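Summary of structural features
What follows is the residue order along each chain.
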Amino acid sequence: MCGLRAVSLISVIFFTCGSVAAVGGNNYWYPKEQPVATTKPSFPGNGYYIYGSQPANGGLPATTYTQSHTTYTRDTNFGGQSANGGLPANGGLPANGGLPANGGLPANRGQLPYGTPTHIGQTIYRSQPNYGGQQRYNARPRQLEYKCIEANLQYDCVFYNVHIDMQTQDAYFGFENLTLNNQKNVTFKNSTMRKLPAALLASFRQVEVLNLNGLQIEEIDTNAFAYAHTIQKLSMSNNNLERIEDDTFQATTALQNLQLSSNRLTHVDLSLIPSLFHVNVSYNLLSTLAIPIAVKELHASHIRINAVRGPFNMELTILKLQHNNLTDTAWLVNYPRLIEVDLSYNELKKITYHHFFTMQRLQRLYVSNNHLVALDLYGRPIPTLKVLDLSHNHLLHVERNQPQFDRLENLYLDHNFIVTLKLSAHHTLNNLTLSHNDWDCNSLRALFRNVAHPAVHDADQYCKIDYHLEHGLCCKESDNPYLDRLLQCIALTSVVEKL
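The structure contained in this document is the topic of the report that follows. Fair warning: this is a prediction, and the values are worked out from it, not measured in the lab.

Our next topic: the overall build of the chain. A tally of regular secondary structure across the chain gives five helices and 33 strands. Looking at the chain as a whole, 41% of its 499 residues are labelled buried. Residue pairs in contact within the chain that sit at least 24 positions apart in sequence constitute 40% of those at least 6 positions apart. Total accessible area computed for the chain in this model is approximately 27000 Å², and 54% of it derives from carbon and sulfur atoms.

Summed over the entire model, instances satisfying the criterion amount to three disulfides. Two residues, Cys148 and Cys157, share a disulfide whose sulfurs are 2.1 Å apart. The sign of the S-S torsion, about -110°, decides the handedness of the disulfide formed by Cys148 and Cys157: left-handed. Take Cys148: its relative accessible area is 11%, and that puts it in the buried class. The residue that forms a disulfide with Cys441 is Cys475, at a sulfur-sulfur distance of 2.0 Å. Every disulfide takes its handedness from the sign of the S-S torsion; for Cys441 and Cys475 that torsion is 95°, giving right-handed. With a gap of 34 residues between them, Cys441 in helix α4 (residues 441–447) and Cys475 in strand β33 (residues 473–476) connect regions that are remote in the sequence. Note on Cys441: relative accessible area 0%, which makes it buried. What makes Cys475 buried here is its relative accessible area of 0%. Cysteine pairing in the chain follows 1-2, 3-6, 4-5, where each cysteine in a disulfide is numbered by its order in the sequence.

Taken as a whole, this structure holds twelve salt bridges when the rule is applied. Glu245 is the partner of Arg243 in a salt bridge, and the nearest nitrogen-oxygen pair spans 3.0 Å. The exposure class of Arg243 is partly exposed, given its relative accessible area of 46%. By relative accessible area, which is 42% here, Glu245 ends up partly exposed.

Across four bridges, the pairing between strand β9 (residues 157–160) and strand β12 (residues 185–189) is parallel. When the bridges of β12 are listed, Val158 appears paired with Thr187. Pairing geometry for β12 and strand β15 (residues 209–211), over two bridges, is parallel. When the sheet's bridge partners are listed, Val186 is paired in β15 with Leu210.

Let us now look at the sheet that holds strand β32 (residues 468–470). Taken in spatial order, the three strands of this open sheet run β31-β33-β32, and their pairing is mixed. Of all the strands in the sheet, the pair left with one neighbour each is β31 (439–440) and β32.

Turning our attention to the packing of aromatic side chains. By the definition in use, this model includes five aromatic pairs. Between Phe159 and Phe173 the ring centres are 5.6 Å apart and the planes differ by 90°, which places this aromatic pair in the edge-to-face class. Here Phe173 lies in strand β11 (residues 172–173) and Phe159 lies in strand β9, a separation of 14 residues in the sequence. Given a relative accessible area of 0%, Phe159 falls into the buried group. With centroids separated by 5.7 Å and ring planes inclined at 80°, the aromatic side chains of Phe159 and Phe204 adopt a geometry described as edge-to-face. Here the residue Phe159 occupies a position in strand β9, and Phe204 occupies one in the loop between α2 (199–203) and β15, the gap between them amounting to 45 residues.

It is worth spelling out the side chain of Thr248 at this point. Relative to the assigned elements, Thr248 resides in the loop between β17 (233–235) and β18 (257–259). For Thr248, a relative accessible area of 9% puts it in the buried group. Side-chain polar atoms of Thr248 contact the backbone oxygen of Glu245, separated by 3.0 Å. With near-sequence residues (within four places) excluded, Thr248 lies in contact with Ile220 and Phe225.

As a further point, take the pairing of β33. Here β33 shows a buried face lined by Leu473 and Cys475 and a second buried face lined by Cys474 and Lys476. In terms of strand pairing, β31 meets β33 through two bridges, oriented parallel. From the neighbouring strand, Trp439 faces β33, where its bridge partner is Cys475. Pairing geometry for β32 and β33, over three bridges, is antiparallel. Across the sheet, residue Glu470 finds its bridge partner in β33, namely Leu473. Two successive antiparallel strands, β32 and β33, enclose a turn made up of two residues, where His471 displays a positive phi of approximately 55°.

Next up on the list: the side chain of Asp406. Structurally, Asp406 can be placed in the loop between α3 (402–405) and β29 (410–412). Of the side chains with opposite charge, Arg407 comes closest to the buried, unpaired Asp406, at an N-O distance of 8.0 Å. With residues near it in sequence (within four places) discarded, Asp406 still touches Leu423, Ser424, His426, His427 and Thr428.

Bringing the environment of Ile465 into the picture now. Considering the arrangement of structural elements, one finds Ile465 in the loop between α4 and β32. Residue classification places Ile465 among the exposed positions, given a relative accessible area of 74%. Considering only alpha carbons, one finds Ile465 and Lys476, eleven residues apart in sequence, at a separation of 9.3 Å.

Before going further, it helps to spend a moment on the environment of His355. Relative to the assigned elements, His355 resides in the loop between β25 (350–352) and β26 (364–366). Each C-alpha atom, one on His355 and one on Thr329, is 6.4 Å from the other, the two residues being 26 residues apart in sequence. In terms of polar contacts, His355 uses its side chain to reach the side chain of Thr329, at 2.7 Å.

The next subject is the nonpolar core. Among the nonpolar cores identified, the biggest contains 96 residues, and Phe159 and Phe405 are the most heavily contacted of them. Of all elements in the fold, only β8 (144–146), β9, β12, α2, α4 and β33 reach the threshold of two or more residues within this core. With three residues, the single largest contributor to this core is α4. Non-local contacts of Phe159, meaning those with residues more than four positions away in its chain, are made with Tyr146, Lys147, Cys148, Phe173, Val186, Thr187, Phe188, Lys189, Ser191, Leu200 and Phe204.

Rules of the game
- Residues numbered from 1 in each chain as written.
- Predicted model: local features only at pLDDT ≥ 70, side-chain atom pairs only at ≥ 80, totals over all residues.
- Heavy atoms only, no water.
- Helix = DSSP H or I, 4+ residues; strand = E, 2+ residues; numbered from the N terminus.
- Buried < 20%, exposed > 50% of the residue type's maximum accessible area, 1.4 Å probe, protein only.
- Contact = heavy atoms within 4.5 Å.
- Areas by Shrake-Rupley, 256 points an atom, 1.4 Å probe, with all protein chains shown as cover.
- Disulfide = S-S within 2.5 Å.
- Salt bridge = Lys/Arg side-chain N within 4 Å of Asp/Glu carboxyl O.
- Pairing = 2+ DSSP bridges.
- Phe/Tyr/Trp six-rings, centres within 6.5 Å; stacked < 30°, edge-to-face > 60°.
- Polar contact = N/O pair within 3.5 Å; in protein donor to acceptor, adjacent residues only side chain to side chain.
- Lys, Arg positive; Asp, Glu negative; His and termini not counted.
- Core = buried A, V, L, I, M, F, W, Y, C linked by side-chain atoms within 4.5 Å.

See below:
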């Protein structure tokens, strides 16, 4: 034996056999004592957890370097010794580090059936293909998935914490099995969606009511409504939309109620959606309003509209166009079945019966806060009209409209320049406002012989020089009231020109 002639066992072994010192019959060199490595049910890989069977050696890599010591685990046959120092494979541990198959987890761990409910608002990723016999989850996110798992009295599908920007791609909604996405009333909470994706309604094809209010939507995907055949009510108010292309709602054949108020719209052609019954496009930047053929109620206030167009419509009953830039009412002849029209706060200068003669159902007409200097409803009064608001205009002579005034229930004439007014003893007025005008006292006395004080619902408080209160209204005594006002106006104009 080569070790018998050496001064010491270590030197003989070193010089004669030329092998590394044998420690415990193993051919590893341990600079420092090693703890035994244990396996875990899961371990992170690239930021994601991988579930399933662990590799040999308890989940540790073949070569490990640490700051405090170095461990060499390569099996090398020195001196004819068996590989691995005579120990069984895997350091004497059973296969899989002593843990049951699948890391001690249930057989189907990590293999949740598609569409398993998650916590509200949780974003999950679709599973990836099977690599090397193991199922990887969350390995490489490819599709954002959002599911609605809450319902309330109004909506049977509530999405939480959906966040989609202009760069988001491949967002997915609901279950892969589209028959499970059978909710009919859908809404969003705590969400932003700068671009409305096509995937939403491609997955939910039975939606009848869709609430997209306040999601900061700036753009609508070209095919966002390609599968929206069942939608009846769509709300997209309080967003940032600037334009809706003409073919956007081409497939929405059942759409009846459309809410687009409080956006930045400069273009939307409502006449291309013939199914609409109720529309609200108020608080936008439209200059032209296109009225659909069958709409019944249309709200388009605070916009800047200066033109109205559209086909003849026998269904429209309520039209609210206050706070716009309209200068005429000739287009009204296309809507003979109107019941209520609000044209307050526009640029109108004249109201004439020629634009209302087709109306046999009109009950309420509001034209306050315009620039009216002429009112001609005496030629052919509107027989069904009950409420007429002419306040805050520049009207001077309205007496010839008595046939129309006598039929009304509510007449508002305050804040004009009216001098005289006549009503018959058979008028039907219940409410009349007359303050802030330029009344002739004789005319007021004659008027109040036919009008009871309870019907007048306003009064003046302070009068100009040469005027005094009579029946609670400021008036001026004059034998020739209109000539007197004309001379007064000429004198005032002369004074202004000299300044």
